[in-house]
Amino acid sequence: MPQAQPLQDDLYAVGTNITIDGALTGDLIVFGSTVTINGTVTGNVWAAAETITIKGTVTGSVRAAAGTIEIAGNVKGDAVVAASTLRLTPTGTVGRDVKAAASQMTLAGAIGRNVSLQAQQPRISGSVGGNVRSTSTEAITLDSTAKIAGGLTATSAAAVRQEPGAVVAGGVTQEKPRNSYAADLFAQWYWFLASLVLLLGMLAYARRAVLRGRDILLEKPLLSPLLGAGFIIFVPLVALLMIAILIGIPLALVTVGLYVLVLYTAKIFIAVLIGSILLRLPGGQDAPFWKAGLAGIFGLAFYYLLTAVPFIGTPLVILITLWGVGAQLLLAKELYASVRSKYGA
């Protein structure tokens, strides 16, 4: 988006390298390999990419997931992020709350309110206007320039590293971690394997349909979640009406079964899309089984890693489900039209 072309509308973008240099009045929803915001977004930002860099201004909140996230500009709302590496640079600011999960995390800028973080090695060298709650596998480090206006609650087996000059006005509270990681990891692994079996089965018997559903997600990124939301709300109401009429109970049970199936398979289409972008798999329905399968496996792994992240996991599952359900409805419509044209009304 060039600097000379301001846009007064929501912007949906999917691609390899996405750069926002101009002024956008509306929300920004992006998915790609590299996302860079140099301009001004007067609204909220939803982003997923390998690398996300914010150097400009976002007047709303940022919700993002990526391998690396760097905030060097001004986010006036909340920042809800998940990444392998998260950096809030000394020039970066977040006006409200920060909720973050990352392996490596450095908060060197100014944060207006509270911080809730989960990380392997968190480090704070900037200012926090409220409280900090940290859960980490290693000690949280407070550099000499760190200033926390509230208190620090650290859940870790390692003691807080507070360098001389670091200020925690509300004091430091150390808590012992709970040992639930193994159970959580087992559950994620179980559901990943179940989804993997479903993915391979769908590609084996309906590969062209799955790839077409992936392309629909790119062609109609706004219509898909809207249709998905309508489906999720409307179908249970129809099933309840069927149950109210006793003769409709068997049909209601079938409807509920199909409803659950559509919800569960929604992630498969999103996984294939994510993997196709990461592996740069071209569009169309001619990809061989092994390429589509590899893309799906990468996408599923990425999906389960992101949805396991606290704070953003649930919103991501909801968004992905809406998007994937809508794509299936549009795919079903295309298949129905194809059958009608082939065999007649």
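What this report covers is the structure whose coordinates are included nearby. (Residues numbered from 1 in each chain as written. Predicted model: local features only at pLDDT ≥ 70, side-chain atom pairs only at ≥ 80, totals over all residues. Heavy atoms only, no water.)

1. Quick notes on the overall build of the chain
Regarding its fold elements, the chain presents five helices and 21 strands. Seen through its principal axes, the chain has C-alpha atoms that stretch 80 × 55 × 45 Å. Here the chain, with 345 residues, has 45% of them falling under the buried criterion. Relative to all contacts within the chain whose residues are 6 or more apart in sequence, the contacts with residues 24 or more apart total 26%. In the structure as shown, the chain presents an accessible area of about 17000 Å², 64% of it carried by carbon and sulfur atoms. (Helix = DSSP H or I, 4+ residues; strand = E, 2+ residues; numbered from the N terminus. Buried < 20%, exposed > 50% of the residue type's maximum accessible area, 1.4 Å probe, protein only. Contact = heavy atoms within 4.5 Å. Areas by Shrake-Rupley, 256 points an atom, 1.4 Å probe, with all protein chains shown as cover.)

2. Some words on the environment of Ser-134
Position of Ser-134 among the secondary structure elements: in strand S15 (residues 132-136). Taking the relative accessible area as the measure of exposure, Ser-134 reaches 1% and is therefore buried. Here the alpha-carbon distance between Ser-134 and Arg-340, two residues 206 residues apart in the chain, equals 58 Å. Residues in contact with Ser-134, not counting those within four places in the same chain, are Leu-117, Pro-122, Ile-140, Leu-152, Thr-153, Ala-154 and Thr-155.

3. A short note on a nonpolar patch on the surface
On the surface, Leu-200, Leu-279, Phe-289, Trp-290, Leu-294, Ile-297 and Phe-298 cluster together into a nonpolar patch covering about 620 Å² of accessible area. With five residues, helix H4 (residues 289-307) is the single largest residue contributor to the nonpolar patch. Residue classification places Leu-294 among the partly exposed positions, given a relative accessible area of 36%. (Patch = residues over 30% accessible without salt bridge, like charges linked within 9 Å, V, L, I, M, F, W, Y side chains within 5 Å. Salt bridge = Lys/Arg side-chain N within 4 Å of Asp/Glu carboxyl O.)

Any link to function would need more than the numbers given here.
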